[in-house]
Amino acid sequence: MKTFTLVSSLLAAAYAAPAPEQAIGEARDVTQAAPVPIDNPLMRSTEQGVKVLPRMSMTEPKDGAKRTTVKYGNWMVSSTKMMSTIKLAQGPCGLAGCYVTAMEATIRYPDGKEANVDTNAWLHHIALFGTGGGGGSIWAAGNERPTLRLNTGSKYGFDFPSAFMLMIDLMTEDVKPKNLTLEITYEHVPRTTPGYKAATMYWLTIGEPAAKTGKYSFSTMPSIVSGAGQLLYSIGHMHDGGDNMSLYVGGNLVCKSVMHYNSRAGYGKDANGAADEHAGMAGMAGMAGAKGKAASGSTAAAAMPKTASGGMVGHSHTKRQHAHGGGGGLHISDPGACTDFGTVTSGQSMKATAFYDAGKYGLMEHNGAKERLMGNMRVYIGPTSTGLFG
Ligand SMILES: *[C@@H]1O[C@H](CO)[C@@H](O)[C@H](O)[C@H]1NC(C)=O
Ligand SMILES: *[C@@H]1O[C@H](CO)[C@@H](O)[C@H](O)[C@H]1NC(C)=O
Ligand SMILES: [Cu+2]
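What comes next is a walk through the structure.

About the cut-offs
Residues numbered from 1 in each chain as written. Chains lettered and ligands numbered in written order. Predicted model: local features only at pLDDT ≥ 70, side-chain atom pairs only at ≥ 80, totals over all residues. Heavy atoms only, no water. Salt bridge = Lys/Arg side-chain N within 4 Å of Asp/Glu carboxyl O. Helix = DSSP H or I, 4+ residues; strand = E, 2+ residues; numbered from the N terminus. Buried < 20%, exposed > 50% of the residue type's maximum accessible area, 1.4 Å probe, protein only. Contact = heavy atoms within 4.5 Å. Pairing = 2+ DSSP bridges. Disulfide = S-S within 2.5 Å. Donors = N, O, S within 2.8 Å, 3.2 Å for Na, K, Ca; no water. Tetrahedral: all angles 85-135°; square planar, octahedral: opposite > 155°, others 65-115°. Core = buried A, V, L, I, M, F, W, Y, C linked by side-chain atoms within 4.5 Å. Phe/Tyr/Trp six-rings, centres within 6.5 Å; stacked < 30°, edge-to-face > 60°. Lys NZ or Arg CZ within 6 Å of the ring centre and 35° of its normal.

This model, assessed by the stated rule, comprises ten salt bridges. Of the charged contacts in the structure, one is a salt bridge between R191 and D159, with a shortest N-O distance of 2.7 Å. One end of the pair, R191, is in the loop between strand 10 (178-189) and strand 11 (197-198); the other, D159, is in strand 8 (residues 156-159), and 32 residues separate them in sequence. What makes D159 partly exposed here is its relative accessible area of 33%. Connected through shared salt-bridge partners, R67, R149 and E187 make up one network.

Note on placement: G97 falls in the loop between strand 3 (83-90) and strand 4 (99-108). Along the sequence, G97 and A163 sit 66 residues apart, while their C-alpha atoms lie 9.8 Å from each other. When sequence neighbours within four positions are dropped, the list of residues in contact with G97 reads F160 and R191.

Glancing now at the pairing of strand 25 (residues 375-383). Most of strand 25 is tucked away, with eight of its nine residues classed as buried. Pairing of strand 12 (residues 200-205) with strand 25, which is carried by six bridges, proceeds in the antiparallel orientation. Counted as the bridge partner of T205 is N376 from strand 25. Sheet topology places strand 15 (residues 229-238) next to strand 25; nine bridges connect them, and they run antiparallel. Each bridged residue has a counterpart across the sheet, and for L231 the counterpart in strand 25 is I381.

Glancing now at the state of the cysteines. Summed over the entire model, instances satisfying the criterion amount to two disulfides. What pairs with C93 in a disulfide is C98, and their sulfur atoms sit 1.7 Å apart. With the S-S dihedral at roughly 70°, the linkage between C93 and C98 falls on the right-handed side. Just as C93 is buried, C98 falls in that class too. Here C255 connects covalently by a disulfide to C338, the sulfurs 2.0 Å from one another. Between C255 and C338, the disulfide has an S-S torsion of 90° and is therefore right-handed.

Further remarks concern the coordination of the copper ion (ligand 3). Those protein atoms acting as donors to the copper ion (ligand 3) are H125 (NE2), H237 (NE2), H239 (NE2) and M374 (SD), and they sit at 2.0 to 2.4 Å. Between the four donor atoms coordinating the copper ion (ligand 3), the angles at the centre fall across 100 to 120°, so the site counts as tetrahedral. Mapped onto the polypeptide sequence, the residues donating to the copper ion (ligand 3) form the spacing pattern H-x111-H-x1-H-x134-M. Of this pair, H125 sits in strand 5 (residues 122-130) while M374 sits in the loop between strand 24 (369-370) and strand 25, placing them 249 residues apart in sequence. There is no split in this pair, since H125 and M374 are both buried.

This part covers the nonpolar core. Formed by 49 residues in total, the largest nonpolar core has its most connected members in I126, L128, W139, L166 and Y186. If one sorts the elements of this core by residue count, strand 9 (residues 163-171) sits on top with six residues. The contacts of L128, once residues within four sequence positions are left out, are M103, G136, S137, I138, W139, F160, F164, M165, L166, I184 and Y186. Counting residues in hydrophobic clusters, the runner-up holds 31 residues, among them Y202, F218, C338 and A352.

Turning next to the packing of aromatic side chains. Each aromatic ring pair is specified by the distance between its two centres and by the angle formed by the two planes. One pass over the full model with this rule turns up ten aromatic pairs. Between the aromatic rings of Y216 and F218, the centroid separation amounts to 5.6 Å while the plane-to-plane angle is 80°, which identifies the pairing as edge-to-face. Judged by relative accessible area, Y216 falls into the buried class, the value being 10%. Exposure remark for F218: the relative accessible area of 16% places this residue in the buried category. With a centroid separation of 5.9 Å and 10° between ring planes, the pair formed by Y216 and Y356 is classed as stacked. Linking Y216 in strand 13 (residues 215-219) with Y356 in strand 22 (residues 349-357), this pair joins segments that are 140 residues apart in sequence. The same class applies to Y216 as to Y356, namely buried. Sitting over the face of the ring of F355, K256 holds its NZ or CZ atom 5.0 Å from the ring centroid.

Structure, rendered in structure tokens:
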């Protein structure tokens, strides 16, 4: 059974024992942090692949959606006790289900303050995988903590399972332990909301190749689009050294997710709008809708991380010292997103290429060894045809 294989391979590969978790349970809370005043050039950018979507605290819910923040656990983390775990978790809507139209994750200290790199706290990875109906990826992110939104221009949401597998990596270089609480904020509408439909997610990954010096790139395996649809949202996840990640449909470039670097707290999210390596760059704006040759092959499986070595997992930092070398202390803070950037037809081939420039930005190191690299492109498509397979 597919789901069993997926989950057990994730578990088997990465973690011998789950990290001890302190009891806060699955506390739910629907309060929102007060909106933070912000004036950041990245957020004002409208350029595809350069822009950073505003955090939910800066925007109102759309189309009468409800916001729910779910706390998923509290862990004590130190430089000798990195935290990597997988757990069964619950979505925002229980058994009734709902469409999640937007979501974002963060970690907080016990006093509620957001924990980020300025205080040496890394939400290194978070990934959500479905447990039923074929499994598959739902969402993932790194410390960049981007906001996913599927209803920017059209009415789509992710048909959220009541329960899913949650994979988390938290880390710090501090010897002194920190208590960190992981939370995800969801914006969601009932499935019966007029006009709303379910989006699908494609997961394109380069795996975890070893770092090299200089300029180089890695490409993902192709994934075949299973039905006609709109390209709703796409964004890359790379490690330090990454410059940009390109998405191709039928061989045409349709989105270039540019990595923004910053050394500051809250990153592109902070109120000071700190200087950023890529801000204001011309980038690759508004690329035309994807058109290309049809390719054959089946695909639902292409949407999910196939093995533990294929993506977010297998990335243990247990008992290691970190050094974040190079690049003048800069880290990837915000990948640029593309929203409503074209259409696809059934059978088109999608792939992505991750461009690294280790000379320009510097790589992360653990115990003197370079961190393995990543290049994940998450692509959300809103089906425009009625049938499941277009
Ligand atoms: C973390 O929380 C636990 C349980 O509340 C507490 O015993 C411990 O002292 C806390 N550690 C830190 C570093 O705050
Ligand atoms: C993408 O990265 C490559 C490699 O560093 C670089 O040559 C290229 O200019 C970058 N493109 C954009 C739009 O940033
Ligand atoms: Cu990563």
